[in-house]
Amino acid sequence: MDNTHGSVTMSSSTYLEDNSNYQYDLAVIYTAELLPWLKSFISLAEKHWSLRVFLFDRDNMPGGAIVEEWANNLQRSRRILLFATSSLDEWAEYATILAHSFSPSGKSVRLGIAKLEECKQIDCFKVFTVIDYTRMSGRDFFWQNVYAFCTDKRVTLVEDIPGFQHLKDEIVLDYDD
């Protein structure tokens, strides 16, 4: 099965590992300010896309060392998505550095960045997938690209994303100019 990401075509059998090796389908890296908004996104991903999502504030081991919890759970995740804002905190930055270390060349499809605002901390990362909401050209297909990154499935219309119609008012981005 071939997937097209922009001008790059990749074979799933070449780049994607067996999903059974992972405890989570998706790990989400975020800042605390996004947590209320992320709850709706996580609900959509888990209930309608049938993804097992790691959310640090919800799923980490109580009393565990933060560094170890991030390391262990990112390794247990098939995909890792950073929702980047201008106020990326040090733990989100650490988790992103750690995730990037899995493939420093940027050739892995495992780490993706959903850029909600300009964020200087992410400029140093080489990643295969950047979903850029900060550019007008990226806004029209933002949710379709997030869905494709998370599920390996393509849709043309936002209305075709499972469950999106039920939650569209809750996951509106407030980052419009």
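Refer to the structure printed above.
Please read these numbers as outputs of a predicted model, since none were measured by experiment.

## A word on the sheet that holds strand β3 (residues 24-29)
Note on sheets: strands pair through backbone hydrogen bonds, and any given pair is parallel or antiparallel.
Thinking step 1. If you walk across this open sheet you meet the five strands as β4-β3-β5-β6-β7, and the pairing is parallel. With one partner strand each, in any of the chains shown, β4 (53-55) and β7 (129-132) form the two edges of the open sheet. Shown here is a sheet whose adjacent strand axes are inclined to one another by a mean of 20°, direction ignored.
Thinking step 2. Helix α2 (residues 35-48) contacts β3, β4 and β5 (77-84) of the sheet and is inclined by roughly 165° relative to β4.

## Concerning the packing of aromatic side chains
Thinking step 1. Evaluation of the coordinates by the stated rule reveals 14 aromatic pairs.
Thinking step 2. Seen from their ring centres, F41 and F83 are 5.2 Å apart, and the 75° between their planes marks the pair as edge-to-face. Of the two residues, F41 sits in helix α2 while F83 sits in strand β5, which places them 42 residues apart along the sequence.
Thinking step 3. The exposure class assigned to F41 is buried, which follows from its relative accessible area of 0%.
Thinking step 4. Accessibility expressed as a relative area gives 0% for F83, which makes it buried.
Thinking step 5. Aromatic side chains W49 and Y147 sit 4.9 Å apart centroid to centroid with 70° between the ring planes, which places their arrangement in the edge-to-face category. One end of the pair, W49, is in the loop between α2 and β4; the other, Y147, is in helix α7 (residues 142-151), and 98 residues separate them in sequence.
Thinking step 6. Relative accessible area serves as the criterion here: at 8%, W49 is assigned to the buried category.
Thinking step 7. Residue Y147 is classed as buried on the basis of its relative accessible area, which comes to 6%.
Thinking step 8. Between R139 and the ring centre of Y133, over which it is positioned, the NZ or CZ distance is 4.7 Å.

Each value, and the rule that gives it
- Residues numbered from 1 in each chain as written.
- Predicted model: local features only at pLDDT ≥ 70, side-chain atom pairs only at ≥ 80, totals over all residues.
- Heavy atoms only, no water.
- Pairing = 2+ DSSP bridges.
- Helix = DSSP H or I, 4+ residues; strand = E, 2+ residues; numbered from the N terminus.
- Axes fitted to C-alpha atoms, helices over the stretch in contact; angles between N-to-C directions.
- Contact = heavy atoms within 4.5 Å.
- Phe/Tyr/Trp six-rings, centres within 6.5 Å; stacked < 30°, edge-to-face > 60°.
- Buried < 20%, exposed > 50% of the residue type's maximum accessible area, 1.4 Å probe, protein only.
- Lys NZ or Arg CZ within 6 Å of the ring centre and 35° of its normal.

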